[in-house]
Amino acid sequence: MNNRSLLAIFVSCIIVIAGVVSFIYLTKPSQDINISTQIPLADDSNATAESVSLLVDSLNDFSFDFYRKISTMEDGNVFFSPYSIFVAFSMAYEGARGNTAIEMQNVLNILQNDSSTLGSFGRIYNLLNQKQEGYTISTAN
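The structure displayed is predicted, hence computed values, not measured ones. (Residues numbered from 1 in each chain as written. Predicted model: local features only at pLDDT ≥ 70, side-chain atom pairs only at ≥ 80, totals over all residues. Heavy atoms only, no water.)

1. Concerning helix H3 (residues 49-73)
Part 1 of the argument: With 25 residues, H3 extends 36 Å between its outermost C-alpha atoms, agreeing within 8% with the 36 Å of an ideal straight helix rising 1.5 Å per residue.
Part 2 of the argument: Those residues of H3 not exposed but buried are Ser 51, Val 52, Leu 55, Ser 58, Leu 59, Phe 62, Ser 63 and Ile 70.
Part 3 of the argument: As for H3, its buried residues are in contact with helix H4 (82-95), helix H5 (98-108) and helix H6 (115-129). (Helix = DSSP H or I, 4+ residues; strand = E, 2+ residues; numbered from the N terminus. Expected span 1.5 Å × (residues − 1). Buried < 20%, exposed > 50% of the residue type's maximum accessible area, 1.4 Å probe, protein only. Contact = heavy atoms within 4.5 Å.)

Right, dumping it as structure tokens:
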């Protein structure tokens, strides 16, 4: 590769980095905005301590199983969000029927269309998205 090609790649990288930094700077929310008022609360009225604990156990089991499977397929570091994957699969599971629902239930180990399971998802969502001193977490699926 000649010097001209390297220079073109370098300039292209600088332009892309400048664009990303500009996008982040221009879309950064104002410090005056109260984040907690923007995040709607999920209905967690049917959640119990036991149902939340069962859901967390299912999420943990799924997370470790998923990690075992993807870590054998990838060389090097593995990064994934088990919570996001679990929640996305759970939403799909709510609409699944027949063999698909049975297979998804075996993987997720949660009850379909169960009010305490749905309430437990709401409780976990509300706990994760509450405004905390020093940091903000916002989940979306």
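Now that the structure is up, let's keep going.
2. Thoughts on the packing of H4 against H5
Part 1 of the argument: Running from amino to carboxyl end, H4 crosses H5 at an angle of 150°, the nearest separation of the two axes being 10 Å. Relative to H5, the element H4 is oriented roughly antiparallel. As for how H4 packs across H5, the hand of that crossing is left-handed. Residue-level inspection shows Phe 86, Phe 89, Ser 90, Ala 92 and Tyr 93 of H4 in contact with H5, the latter providing Ala 101, Met 104, Gln 105 and Leu 108. (Axes fitted to C-alpha atoms, helices over the stretch in contact; angles between N-to-C directions. Parallel < 35°, antiparallel > 145°, perpendicular 65-115°, else oblique. Left-handed = near helix turned anticlockwise from the far one by under 90°.)

3. Side note on the nonpolar core
Part 1 of the argument: Of all hydrophobic cores here, the largest spans 17 residues; its most connected members are Leu 55, Tyr 83, Phe 86, Tyr 93, Leu 108, Ile 110 and Phe 121.
Part 2 of the argument: Those elements that provide at least two residues to this core are H3, H4, H5 and H6. (Core = buried A, V, L, I, M, F, W, Y, C linked by side-chain atoms within 4.5 Å.)

4. Side note on the packing of H3 against H6
Part 1 of the argument: Their axes nearest at 9 Å, the elements H3 and H6 cross at an angle of 80°. Between H3 and H6, the angle falls in the class roughly perpendicular. In contact with Ser 51, Val 52, Leu 55 and Val 56 of H3, H6 contributes Ser 116, Thr 117, Ser 120, Phe 121, Arg 123 and Ile 124.
Part 2 of the argument: Considering only residue class, the contact of H3 with H6 consists of five nonpolar, four polar and one charged. (Nonpolar A, V, L, I, M, F, W, Y, C, P; charged D, E, K, R; others polar.)

5. Re the environment of Gln 130
Part 1 of the argument: Within the secondary structure, Gln 130 sits in the segment after H6.
Part 2 of the argument: On a C-alpha basis, the gap between Gln 130 and Leu 41 in space is 9.1 Å, while along the polypeptide they are 89 residues apart.
Part 3 of the argument: A polar contact of 3.5 Å, which involves the side chain of Gln 130, links it to the backbone oxygen of Leu 127. (Polar contact = N/O pair within 3.5 Å; in protein donor to acceptor, adjacent residues only side chain to side chain.)

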